[in-house]
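# Descriptive analysis of the structure
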Amino acid sequence: MTIWHLEQPSASVLPGEPVPAPAGLDLAVVRAEAIGPEFARFLYTAVGGVWNWTDRLGWSHADWEKWLAVEGTETWVAWVGGSPAGYVQLAPHDEGVVEVVYFGLLPAFIGRGLGGHLLDLGLRRAWDLAERHPALPATRKVIVETCSLDGPAALRNYHARGFALARTETVDKLVGEAPGPWPGSGFSLG
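Below or above, wherever it landed, is the structure these notes cover.

If you look at soluble globular proteins, the nonpolar side chains tend to sit buried side by side. Of all hydrophobic cores here, the largest spans 47 residues; its most connected members are Tyr87, Val100 and Tyr158. Of all the secondary-structure elements, those providing two or more residues to this core are α1 (37–48), α2 (61–68), β3 (74–80), β4 (83–92), β5 (97–105), α3 (114–127), β6 (141–147) and α5 (154–160). At seven residues, the largest contribution of residues to this core is made by α3. Residues contacting Tyr87, with those up to four places away along its chain left out, are Leu43, Tyr44, Val47, Trp53, Thr75, Trp76, Val77, Tyr102, Phe103, Gly104 and Leu118.

As structure tokens, then:
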């Protein structure tokens, strides 16, 4: 598996105007300010299950609570017609670094023009994170990693938003069938 570590060194690399929402959708992107472990895990499995996101499947309720309680951790959810369509999850690190920990769409919403808009909005929220969390330093860099198991448009989408490659690594990872939105469902995009 190839892992690409990407960096966005300045908000100035974002397009001058936000990426517009796709026309004809009843779309709202809202910060889940009181997100609980149940909804966070739902988003993680519903989006990541088709891409082999498995590292947090074994987390307990307490693990999710602890992670979500970190000051500055934010989850921005895209809703289309009242249904969750995707999300961007941000987490602060030391010295003004903000990580896009998770980003993606639920399978039914892939290919409908939402990805660029949602990522653009999430990155703008990463750059103004300290405005909502005054205890944090101003953002000086946004980071993300993607890998060869992620969606085929992922790396291209990050590059289009001004991310530059910081480093690449290749690791051995035993990969079975993607678990789908819940372990054992075997759901795929094919």
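Next, the rest of the story.
Another point: the packing of aromatic side chains. Enumeration according to the criterion identifies ten aromatic pairs in this entry. For the pair Tyr44 and Trp53, a centre-to-centre distance of 5.8 Å together with 35° between the ring planes defines the contact as tilted. Ring centres of Tyr44 and Tyr102 lie 5.2 Å apart, and the angle between their planes is 80°; on these two criteria the pair is classed as edge-to-face. With Tyr44 in helix α1 and Tyr102 in strand β5, this pair connects stretches of sequence that are 58 residues apart. For the pair shown, Tyr44 and Tyr102 are each scored as buried. Each residue in the set Tyr44, Trp53, Trp59, Trp64, Trp67 and Tyr102 is aromatic and connected to the rest through ring pairs, giving one cluster. In this structure, Arg56 packs its charged tip against the face of Trp64, placed 5.9 Å from the ring centre. The ring of Trp67 is capped by Arg56, whose NZ or CZ atom sits 4.3 Å from the centre of that ring.

What follows concerns empty space enclosed by the protein. Inspection of the entire model under this criterion finds one cavity of 30 Å³ or more. In this structure, the largest cavity occupies an estimated 50 Å³ of space. Lining the largest cavity, in full, are Pro92, His93, Gly96, Val97, Val98, Leu129, Leu136, Pro137 and Thr139. Its residues placed into classes, the lining of the largest cavity shows six nonpolar, three polar and no charged.

Okay, the environment of Glu33 next. Along the chain, Glu33 turns up in the loop between β2 (27–31) and α1. Under the relative-accessibility criterion, Glu33 is labelled exposed at 66%. When the C-alpha atoms of Glu33 and Gly86 are compared, they prove to be 16 Å apart, with 53 residues separating the residues in sequence.

Attention now moves to the sheet that holds strand β1 (residues 2–8). Strand order in the open sheet formed by seven strands is β2-β3-β4-β5-β6-β1-β7, with mixed pairing between adjacent strands. The open sheet has two edge strands, β2 and β7 (164–170), and neither has a second partner. Between one strand axis and the next, the sheet turns through 20° on average, direction left out of account. Examined bridge by bridge, β1 and β6 share six bridges and lie antiparallel to one another. Across the sheet, residue His5 finds its bridge partner in β6, namely Glu145. Relative to the sheet, α3 contacts β1, β2, β3, β4, β5 and β6, its axis offset from that of β5 by approximately 160°.

To continue, consider α2. Within α2 the residues assigned to the buried category are Trp64, Trp67 and Leu68. Considered in projection along α2, the buried side chains sweep an arc of 95° and stay on one side of the axis. Where α2 is buried, its residues meet α1, β4 and β5.

Turning our eyes to something else, we now look at unusual backbone geometry. With a phi angle near 65°, Asn52 is a residue other than glycine that sits in the positive phi range. Structurally, Asn52 can be placed in the loop between α1 and α2. Phi is positive for Glu95, close to 60°, though the residue is something other than glycine. When you line up the elements, Glu95 lands in the loop between β4 and β5. A residue is classified by how much of its surface remains accessible, and Glu95, at 61% relative accessible area, is exposed.

Cut-off values and rules
- Residues numbered from 1 in each chain as written.
- Predicted model: local features only at pLDDT ≥ 70, side-chain atom pairs only at ≥ 80, totals over all residues.
- Heavy atoms only, no water.
- Core = buried A, V, L, I, M, F, W, Y, C linked by side-chain atoms within 4.5 Å.
- Buried < 20%, exposed > 50% of the residue type's maximum accessible area, 1.4 Å probe, protein only.
- Helix = DSSP H or I, 4+ residues; strand = E, 2+ residues; numbered from the N terminus.
- Contact = heavy atoms within 4.5 Å.
- Phe/Tyr/Trp six-rings, centres within 6.5 Å; stacked < 30°, edge-to-face > 60°.
- Lys NZ or Arg CZ within 6 Å of the ring centre and 35° of its normal.
- 1 Å grid on protein atoms, 1.4 Å probe; cavity = no way out; pocket = protein on both sides within 12 Å on 5 of 7 lines; lining within 4 Å.
- Points joined across faces, edges and corners; volume = space filled by probe spheres on them.
- Nonpolar A, V, L, I, M, F, W, Y, C, P; charged D, E, K, R; others polar.
- Pairing = 2+ DSSP bridges.
- Axes fitted to C-alpha atoms, helices over the stretch in contact; angles between N-to-C directions.
- Arc of directions from axis to C-beta.

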